[in-house]
Amino acid sequence: MTQHLQTMVCEYTTLIIMLYIGVRCLNQRNNSIIRLFSHFVFGVIVFQIINIPVRMVDAGLVHMPKTAVFVLNCGFMIAETFVTYEWFFFFESIQDSFLVKNRVLRVIGGVPLVLMTVLCVASWWNGWLFYVDDAGAYHRGVLFGLQIALPYTYVFVTLISAIVYTLTRREKRSAVIMTIALIPALICSVLQVVAGGSYVLVGLTFAAMFVYIELCMEDIRKIEKLAMLEESKKELEEALDMATRANNAKTVFLNSMSHDIRTPMNAIIGFTDLLSENLDDKEKAGDYIAKIRSSSDYLLSLINNVLEMARIERGKTELDETDVSIEKSLDSVYWLFESQMKEKNIDFTWNVNVQHNNIQCDLVKVKEVLMNIVNNAYKYSLPGDSVAVRINEIPCDREGYVTICTEVEDTGIGMSEDFLEHIFEDFSRAQNSTESGQFGTGLGMAIVKKIVDLMGGTIDVQSKQGKGTKFTVTLTHRISEEAADAGAVVKNVDDYSFEGCRVLLAEDNDLNAEIAMAILSGCGLDVERAVDGIQCIDMLEKAEPGYYDLILMDIQMPNMDGYKATMLIRKLEDRRLADIPIVAMTANAFDEDRKKAFAAGMNGHIAKPISANDLKNTLAGILQHS
């Protein structure tokens, strides 16, 4: 009696679990695999519903007529065989086995189920599987062993198939889970044969739980894969959209800039021809030269801005922070624009008010931001207008840091509200050069915004047409404990005398060498030329120490480049020769080129095309300290 009660509790528990799994399967009927699995689950439920009264009759808890007992036991045996058949069909379908793909084999696979049904019905007359006496008692027949053999033919075949499937498939996870799921079913089948009861139902329930969990996990993996595919698709679409917009923007830029590019080129070519025809007229010649210079400066600005923007977009731009003095370092920006403002009759004021003067920052980029904004104010201000630069320290919450607020305010022509929304976009300009009378690439403010973002700062712009524009840049820097003079410039190179100084120029290009020698000679310097790095070292070694005061070194030269020549010079045994100041004079003009030059042992860097003022300033600064 106790054993029967324990069995019944187990069976009721099993029924509740299978009902739960069955309901969950109904909610996923759109999945063909889940649909197949649900056939097995509901077969187990039917089997259990029939099994409970059968156990109650066996335990003597319920008495039924002979016919009812016979029908219940028939239903029990047929349902048991049907459940194992559905399990077999479900698993073979998952692995796409030939046992279910071949129609003949599928028919053969149904033979045990059909045979069990026939034997159950026939037992009413011959009692081969079982029989029920007139008192309603159940007895086993001479072929009762088939009641075990026929259902577990399916279990045995499925187990063998699972092992083969596991060993032969690359994706083995599902196969392994299925094989593990068969183990409790097989064990419980043996227990049922040995001890009786309904252990097979418990085994199949555990197997069903294993499989259901695996199917759910498979659905989750599919959903995750679909989500990843959707995310990848979205990213590709966004990338395509960005590429399309970038391509359209560049196409619009090139179309709108075509006039601006041809205008200075036409000016350079035209005024060069006019200059050659009017060399005797100094006034005309001077005017032509000034216009050629202005057009050349614009083309150089165009090239530099486009290359700078390309570098920023590729992530090539990095911060190179050094100790600098705010007042001395940014002073050079004032001197650069002071004379231009005066010539245009613009009132230019410059005010620096900071408590912490010494900071750590990337001076080159800070200057680039300030120069772009001041230059913008200069270009779009009219004679009689004013431009004011105010550099103030404001409260900072971070200990050891200082926040610098730079305001550039002008009373120029200003901008419309519509354009303010696009001022920091690539290639954006309020007007083309024909309308504004000013050349511009539309990249200056975009570069400023990207540099400010790179430095973790903010930039704000306020403007009204006809009333002027105000830019406000806020940057936070680490306070430097050491005083620094980085970036200080010689304000007036005319005050510095180059008389008696001799320069060794290493330059392979004859035209570049001629320009450089003319500029240097015009400053009062004596110049000697080497055509490559090897000749430069040879001339230096043959000269007495102190004969050359400085070397101007090109980088890209045949036989030996400027980097290698500099490193070999620094290794010379005579320290008086090895320590000679060396300045790079090269078309490699980016920040990493400057760093590479200094890493090779050079003392300065001048970018081509050569600016006479930049050359004089650099040489004066180095010779003053040598």
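Draft legend 1. Spatial organisation of the pairing of strand S9 (residues 468-479). One ladder, built from two bridges, connects strand S5 (residues 358-361) with S9; its direction is antiparallel. Counterpart to Ile 359 in the pairing with S9 is Ile 479. Pairing of strand S7 (residues 401-410) with S9, which is carried by 10 bridges, proceeds in the antiparallel orientation. What sits directly across from Val 402, in S9, is His 477. Connecting strand S8 (residues 458-464) to the antiparallel partner S9 that follows it, the hairpin turn spans three residues, and Gly 466 within it adopts a positive phi of roughly 80°.

Draft legend 2. Examining unusual backbone geometry more closely. The backbone phi angle of Asn 345 is positive, close to 60°, even though this residue is not glycine. Turning to its location among the elements, Asn 345 is positioned in the loop between helix H11 (326-343) and strand S4 (347-353). Phi is positive for Asn 559, which is not a glycine, with a value near 70°. By the secondary structure assignment, Asn 559 is in the loop between strand S12 (550-553) and helix H18 (562-570).

Draft legend 3. Highlighting the sheet that holds S12. Taking strand neighbours across the sheet as the criterion, the five strands line up as S11-S10-S12-S13-S14 in an open arrangement whose pairing is parallel. Each of the sheet's edge strands pairs with one partner strand only, and the pair in question is strand S11 (526-530) and strand S14 (604-607). Within the sheet, the average angular offset between the axes of one strand and its neighbour, ignoring direction, is 20°. Here strand S10 (residues 502-506) pairs with S11 via five bridges, running parallel. Pairing of Arg 502 across the sheet is with Asp 526, part of S11. Against the sheet, helix H16 (residues 510-522) engages S10, S11, S12 and strand S13 (582-586), with an angle of about 165° to S11. Strand contacts of H18: S12 and S13, with the helix running at about 155° to S12, the strand carrying the most contacts.

Draft legend 4. Looking closely at helix H12 (residues 363-379). Relative to the 24 Å expected for 17 residues at 1.5 Å per residue, H12 spans 24 Å between its end C-alpha atoms, a close match to the ideal helical length. With 13 of 17 residues buried, H12 is to be regarded as a mostly interior element.

Draft legend 5. Looking closely at the nonpolar core. Counting residues in each nonpolar core, the largest one holds 42 residues, and the members touching the most others are Phe 348, Trp 350, Ile 373 and Phe 471. With eight residues, the single largest contributor to this core is H12. Residue contacts for Trp 350: discarding those within four places in its chain leaves Leu 330, Val 333, Tyr 334, Leu 370, Val 389 and Ile 391. Of all hydrophobic cores here, the second largest spans 37 residues; its members include Ile 21, Val 54, Tyr 85 and Leu 113.

Draft legend 6. View of the packing of helix H17 (residues 533-542) against H18. Packing of H17 against H18 leaves a shortest axis separation of 9 Å and a crossing angle of 25°. Relative to H18, the element H17 is oriented roughly parallel. Seen from above, H17 lies across H18 with right-handed handedness. Along the contact surface, H17 presents Gly 533, Cys 536, Ile 537 and Leu 540, while H18 presents Ala 565, Leu 568 and Ile 569. In the contact of H17 with H18, the residues fall into six nonpolar, one polar and no charged.

Draft legend 7. A look at the packing of H12 against helix H15 (residues 444-454). Packing of H12 against H15 leaves a shortest axis separation of 10 Å and a crossing angle of 145°. Considering how the two elements wind past one another, H12 and H15 form a crossing that is left-handed. Listed contacts from H15 to Lys 365, Glu 368, Val 369, Asn 372, Ile 373 and Asn 376 of H12 are Gly 444, Met 445, Ile 447, Val 448, Ile 451, Val 452 and Leu 454. Grouping the constituent residues of the contact of H12 with H15 by class yields eight nonpolar, three polar and two charged.

Conventions adopted
- Residues numbered from 1 in each chain as written.
- Predicted model: local features only at pLDDT ≥ 70, side-chain atom pairs only at ≥ 80, totals over all residues.
- Heavy atoms only, no water.
- Pairing = 2+ DSSP bridges.
- Helix = DSSP H or I, 4+ residues; strand = E, 2+ residues; numbered from the N terminus.
- Axes fitted to C-alpha atoms, helices over the stretch in contact; angles between N-to-C directions.
- Contact = heavy atoms within 4.5 Å.
- Expected span 1.5 Å × (residues − 1).
- Buried < 20%, exposed > 50% of the residue type's maximum accessible area, 1.4 Å probe, protein only.
- Core = buried A, V, L, I, M, F, W, Y, C linked by side-chain atoms within 4.5 Å.
- Parallel < 35°, antiparallel > 145°, perpendicular 65-115°, else oblique.
- Left-handed = near helix turned anticlockwise from the far one by under 90°.
- Nonpolar A, V, L, I, M, F, W, Y, C, P; charged D, E, K, R; others polar.

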